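Secondary and tertiary structure notes
Residues per chain, in single letters:
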Amino acid sequence: MTPRQETSKRDNVIEVRGLLSQFGDRVIHQDLDLDVRRGEVLGVVGGSGTGKTVLLNSIIGLKQPEGGTVKLFGYDRDAMTKAEAAEVERRTGVLFQQGALFSSLTVLDNVASPLVEHTNLPRNTIRELAEMKIAMVGLKPEALYLKPAELSGGMRKRVGLARALALDPELIFLDEPTAGLDPIGAAAFDQLIRDLSDDLDLTVFMITHDLDSLYAICDEVAVLADKHVVEKATVQELERSDHPWIKEYFLGPRGRAAHQSAA
Ligand SMILES: Nc1ncnc2c1ncn2[C@@H]1O[C@H](COP(=O)(O)OP(=O)(O)OP(=O)(O)O)[C@@H](O)[C@H]1O
């Protein structure tokens, strides 16, 4: 077993340098740099098709970059041993856009599945741990034996989050977690993410179109435009940016409304 690479508060949990991502001749990212500090809740925004999901996939290893380096917990993705890759996977949780739940499994079995796959714990312990995670995301015990089709959109997101948290990760990736939720459900989900981050010292990489989420819970926001991260800063700093897309985004009518409701 490899010695676990510890990270301190000052360390970057994610470090991307000079990322080049392409599909055929089509360049999605060029010279993209991004640092995410331990414990930070980072919002990732950008126009539709700017490559937010491709960036997430490149960081978690679902897409092999055409150039540059991606480091997670200090390990270079391209130079990791199998054991290091497994460690990184265990320390990382992902909530995909559609939840990606197994439709034939109950809530309990969905949340238990990473524990079954990655640990040798006895059945009873797995069950208790899964129940704990389900309670942690605010779902009642009545939900344990329901199947995904019997859940509301907000409940499905919570189950996806509970599953992403099953192995006690230090870093979670969320792809538009509040998409499709009503404003009250979205605000509750935002608060849940912020509380989990504070309580568990979780680092959060969150793609979102939801301006309210940025104001409510993000420490910083990375803006994707022109094939790279054009700025990474607090929302207050971004409101003063000269970049045309950022200006339009934060100072347009929806940005102003989000600013006012956060004030
Ligand atoms: N597997 C693929 N093959 C070819 N092109 C792809 C593939 N995946 C993504 N793309 C292209 O890469 C670009 C970036 O896609 P991505 O899904 O990352 O955008 P996004 O910023 O997440 O968009 P949205 O906000 O609409 O979800 C898009 O133009 C998309 O068509």
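Residues numbered from 1 in each chain as written. Predicted model: local features only at pLDDT ≥ 70, side-chain atom pairs only at ≥ 80, totals over all residues. Heavy atoms only, no water.

What follows is about the domain arrangement of the chain. One can read the domain layout of the chain as domain 1 (12-91 + 170-262) and domain 2 (99-168). Distance from the C-alpha centre of domain 1 to the C-alpha centre of domain 2: 25 Å. Listed by partner, the interface residues are 15 residues for domain 1 and twelve residues for domain 2. Broken down residue by residue, the surface that domain 1 buries against domain 2 is led by Arg90, Phe189 and Leu192, which jointly contribute 38%. Where domain 1 packs against domain 2, one counts zero salt bridges. Taken together, the connections running from domain 1 to domain 2 amount to three residue pairs in polar contact (both at pLDDT 80 or more). (Domains from an automatic or database assignment. Contact = heavy atoms within 4.5 Å. Buried area = accessible area lost by both parts, 1.4 Å probe. Salt bridge = Lys/Arg side-chain N within 4 Å of Asp/Glu carboxyl O. Polar contact = N/O pair within 3.5 Å; in protein donor to acceptor, adjacent residues only side chain to side chain.)

In this section: helix α4 (residues 123-136). With 14 residues, α4 should cover 20 Å at 1.5 Å per step; its first-to-last C-alpha distance of 20 Å lies within 8% of that length. Along α4, the residues that are buried comprise Ile126, Ala130, Lys133 and Ile134. On an axial view of α4, the arc spanned by its buried residues comes to 100°, and they lie on one face. Away from the buried face of α4 by more than 90 degrees, exposed residues Asn124 and Glu128 are located. On the buried face of α4, the contacting elements are α3 (107-118) and α5 (153-164). The first or second residue beyond α4 is Gly138, which carries a positive phi of 85°. (Helix = DSSP H or I, 4+ residues; strand = E, 2+ residues; numbered from the N terminus. Expected span 1.5 Å × (residues − 1). Buried < 20%, exposed > 50% of the residue type's maximum accessible area, 1.4 Å probe, protein only. Arc of directions from axis to C-beta.)

With respect to spatial proximity, 13 residues lie near the ligand, and among them Arg26, Ser48, Lys52, Val54 and His209 are the closest. Ser48 has a polar side-chain atom sitting 2.5 Å from an oxygen atom of the ligand. Thr50 is positioned with one of its backbone polar atoms (N or O) 3.2 Å from an oxygen atom of the ligand. For the ligand, whose unbound accessible area comes to 640 Å², protein coverage reaches 61%. Looking at the shell around the ligand, the elements with two or more residues in it are β2 (26-37) and α1 (52-60). Take the shell around the ligand: its biggest share by element is three residues, from α1. (Near = heavy atom within 4 Å. Areas by Shrake-Rupley, 256 points an atom, 1.4 Å probe, with all protein chains shown as cover.)

Another aspect to go through is the layout of surface pockets. Roughly 620 Å³ of internal volume is contained in the largest pocket. In terms of lining, the largest pocket is formed by 23 residues, of which the most central are Glu89, Thr92, Val94, Phe96 and His118. Residue assignment for the lining of the largest pocket shows that the elements contributing at least two residues are α2 (82-90), β6 (92-95), α3 and α5. Residues that form the lining of the largest pocket fall into these classes: 13 nonpolar, five polar and five charged. In this structure, the lining of the largest pocket is formed jointly by two domains, domain 1 (12-91 + 170-262) and domain 2 (99-168), each of which donates at least three residues. Where the lining of the second largest pocket is concerned, the elements lending two or more residues are α6 (183-200), α7 (211-217) and α10 (253-262). (1 Å grid on protein atoms, 1.4 Å probe; cavity = no way out; pocket = protein on both sides within 12 Å on 5 of 7 lines; lining within 4 Å. Points joined across faces, edges and corners; volume = space filled by probe spheres on them. Nonpolar A, V, L, I, M, F, W, Y, C, P; charged D, E, K, R; others polar.)

One pass over the full model with this rule turns up four aromatic pairs. Taking 6.4 Å as the distance between ring centres and 70° as the angle between the ring planes, the aromatic pair formed by Tyr215 and Phe250 counts as edge-to-face. Pair noted here: Tyr215 is in helix α7 and Phe250 is in helix α9 (residues 244-251), with a separation of 35 residues, a long-range link. Since its relative accessible area comes to 14%, Tyr215 is described here as buried. The interplanar angle of 85° and the centroid separation of 5.1 Å between the aromatic rings of Tyr249 and Phe250 together place this pair among those described as edge-to-face. Per residue, the accessibility class of Tyr249 equals that of Phe250, and both read buried. An aromatic cluster of at least three residues, connected via ring pairs, comprises Tyr215, Trp245, Tyr249 and Phe250. Taking NZ or CZ as reference, Lys63 lies 4.9 Å from the ring centre of Phe23, over its face. Above the face of the Phe73 ring, Arg91 is positioned so that its terminal group lies 4.2 Å from the ring centre. (Phe/Tyr/Trp six-rings, centres within 6.5 Å; stacked < 30°, edge-to-face > 60°. Lys NZ or Arg CZ within 6 Å of the ring centre and 35° of its normal.)

Side chains of nonpolar character tend, in soluble globular proteins, to be buried together. Among the nonpolar cores identified, the biggest contains 46 residues, and Ile134, Leu161, Leu174, Val204, Leu214, Val221 and Phe250 are the most heavily contacted of them. Built from parts of two domains, this core gets at least three residues from each of domain 1 (12-91 + 170-262) and domain 2 (99-168). Once residues within four sequence positions are removed from consideration, Leu214 is found in contact with Gly43, Val45, Thr208, Val221, Val235, Tyr249 and Phe250. The next biggest cluster of nonpolar side chains, apart from the first, holds 26 residues, and it includes Leu19, Tyr75, Leu171 and Ile207. (Core = buried A, V, L, I, M, F, W, Y, C linked by side-chain atoms within 4.5 Å.)

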